[in-house]
Every structure is written in structure tokens, then in C-alpha cells.
Amino acid sequence: MFFKNTRLRAIESVMRFTGGGIFKRIDENRELLELLQRESPEFLQKHPWVNLWIEAQDEFFTELAKAAQMQDPQGHEPRPYVDSTVVSALRMNRKQA
């Protein structure tokens, strides 16, 4: 039991403090997608899997924070996830196939 609690505390510490914490990672991941959408939409159209990588990272980080029952730090919530039209188009194509 002691080992399990120690491991969980270590994981929580990493999620809270390493690299600014899990919510900083979520926010920066979303910021990267916004930057690519704004500054290089042709890159995203040419390489649509990049959208999917970023989306998968967002989903992983978000679900990890939920599973750990972590709360967004007040005043420092991650920006909302902006779904890319390229990703949306890929999803539509997959559903129709």
C-alpha cells in the first residue's frame, strides 16, 4: 500500500509541476494547433496526420487529467480546443467509408 501511494504521489507531482504541469501541456498543445492553422494551413492540408497527432495528444492529456481528478488551476485554464477543418473533413470521410 505504501509503495502504491508513493507512486501515485510521484505521478501527481509530475502532472502538477513538470514542464509547467498537465494543464500547461494541454494549453501549449492547443496553441501549437492554432499557430499551424493560422500561419501554415497549407502545411496542415498537405500533412493532415499532424492534426491527428495533435488531437491525439490533446485527448490523452485531457483524459489523463480527468482520470487523476485534477482541477484546472483557476485563471489558468487551457484554451478551448479548436477543431481543424482538415481533421473534421478526415473524420467525415472515415464515417462515410
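Residues numbered from 1 in each chain as written. Predicted model: local features only at pLDDT ≥ 70, side-chain atom pairs only at ≥ 80, totals over all residues. Heavy atoms only, no water.

This part covers the confidence of the model for the chain. Residues at a pLDDT of 70 or more form 82% of the chain, whose mean pLDDT is 82. When mean pLDDT is compared element by element in the chain, helix 3 (residues 41-46) scores highest at 93, while helix 5 (residues 85-96) scores lowest at 50. (pLDDT = per-residue confidence, 0-100. Helix = DSSP H or I, 4+ residues; strand = E, 2+ residues; numbered from the N terminus.)

A few words now on the environment of Asp58. Mapped onto the secondary structure, Asp58 falls in helix 4 (residues 49-67). Asp58 gets classed as buried once you look at its relative accessible area, which sits at 8%. Along the backbone, Asp58 and Arg25 are 33 residues apart, and their C-alpha atoms lie at a distance of 8.7 Å. Residues contacting Asp58, with those up to four places away along its chain left out, are Ile26, Asn29, Arg30 and Tyr81. Of the polar contacts made by the side chain of Asp58, one reaches the side chain of Arg30; its length is 2.5 Å. (Buried < 20%, exposed > 50% of the residue type's maximum accessible area, 1.4 Å probe, protein only. Contact = heavy atoms within 4.5 Å. Polar contact = N/O pair within 3.5 Å; in protein donor to acceptor, adjacent residues only side chain to side chain.)

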